[in-house]
Amino acid sequence: MHRFFARKLGEKEAILSREESQHALRVLRMEKGDPCQAILDGSIFAAEILDTQEQVTLLLGEKLPSPEASVRITLYQGLPKGDKMEYILQKCTELGVHRFVPVSFSRCVVKWEKKDNEKKLPRFQRIVMEAAKQSGRAVIPQVEAPISLNELCSRIAGHEKAFIPWEEERGQGIRAKWQGEKDVAIIIGPEGGMDEKEVEKMAAAGAVPVTLGPRILRTETAGLVAGASLLTISGDME
């Protein structure tokens, strides 16, 4: 079933953007009366094409069950090299992550300047939009501009729980530390890992170091594994 992000026109009608309309008509060759799904205002509706003008309108049917996870995950991701950030955004959006915040740690090789925001953020946002549509999400995760370690520490208290998966941690994992919190931050370091003093600073701000097991995961894998672990424990993968 094809899915489209839409905007409500009335109680039973919605309209697609010009871009979404062109995709529906020119790429998918859809016609009036064809069934689809409309994603709007954080909900998904059964729908059918009502009109095929320049901007397609939809007739909305029943509201479908929400696919969104009960745990709202914010992924604070240490800036990785190359195109790894794109992979992280795509796969973690499919998983169900709610928000992405890149973080500049001391061992980050990548240097992100403010001028990079205009070029990179729109591309990143498009990646998560396409991944959200493909995976049947009801919302499009937001991708923020990179923040510093100090800014990250100031945000930790705003979450019910913040986990730091860290290869040097020899204690307990997410299962032992999660106590039913619904707003959870997951903090992942870059390729070179996080400096011990950085971990200590985040822990002092309230974050909890955890282990993901005896094997060291790559930065582009760790967030996905940590998020999947949390959503499995919470029952969101059933």
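Residues numbered from 1 in each chain as written. Predicted model: local features only at pLDDT ≥ 70, side-chain atom pairs only at ≥ 80, totals over all residues. Heavy atoms only, no water.

### Regarding the pattern of salt bridges
For the record, the criterion: We define a salt bridge as a contact between a side-chain nitrogen of Lys or Arg and a carboxyl oxygen of Asp or Glu at a distance within 4 Å. In this text, helices come from DSSP runs of H or I with a minimum length of four residues, and strands from runs of E with a minimum of two, each type numbered from the N-terminal end. Under the scheme applied here, a residue whose accessible area is under 20% of the maximum for its type counts as buried, over 50% as exposed, and between as partly exposed, the area being computed with a 1.4 Å probe on protein chains only.
In the structure shown here, the tally under the stated rule is 13 salt bridges. The residue Arg-126 makes a salt bridge to Glu-130 at a minimum N-O spacing of 3.2 Å. With Arg-126 and Glu-130 both in helix H3 (residues 117–135) and four residues apart, this pair spans about one turn of that helix. The partly exposed category is assigned to Glu-130, whose relative accessible area is 41%. Glu-181 serves as the salt-bridge partner of Lys-161, at 3.4 Å between the closest nitrogen and oxygen. One end of the pair, Lys-161, is in strand E10 (residues 161–165); the other, Glu-181, is in the loop between helix H5 (174–177) and strand E11 (183–188), and 20 residues separate them in sequence. In this structure, Lys-161 and Glu-181 share a single accessibility class: buried. Members of the salt-bridge network, linked through shared partners, are Arg-99, Glu-144, Glu-151 and Arg-155.

### Remarks on the packing of aromatic side chains
Here is the rule we go by: The rule is short: rings of Phe, Tyr and Trp, with Trp giving its six-membered ring, pair when the centres are within 6.5 Å, and they are stacked under 30 degrees, edge-to-face over 60, tilted in between. Whether a charge lies above a ring is judged from NZ of Lys or CZ of Arg, which has to be within 6 Å of the ring centre and within 35 degrees of the ring normal.
The full count for this structure, using the stated rule, is one aromatic pair. Its end group placed over the ring of Trp-112, Lys-120 keeps NZ or CZ at 4.8 Å from the ring centre.

### Let's talk about the sheet that holds strand E4 (residues 43–51)
How we decide: Note: two strands are recorded as paired if DSSP finds a minimum of 2 bridges between them. Between N-to-C directions, angles span 0 to 180 degrees; the directions come from axes that are lines fitted to C-alpha atoms, helices contributing only their stretch in contact.
Taking strand neighbours around the barrel as the criterion, the five strands line up as E1-E2-E5-E4-E3 in a closed arrangement whose pairing is mixed. Each strand axis lies, on average, 50° off the axis of its neighbour in the sheet, ignoring direction. Strand direction decides the pairing type here: E4 and strand E5 (residues 57–64), joined by six bridges, are antiparallel. Across the sheet, residue Glu-48 finds its bridge partner in E5, namely Leu-59.

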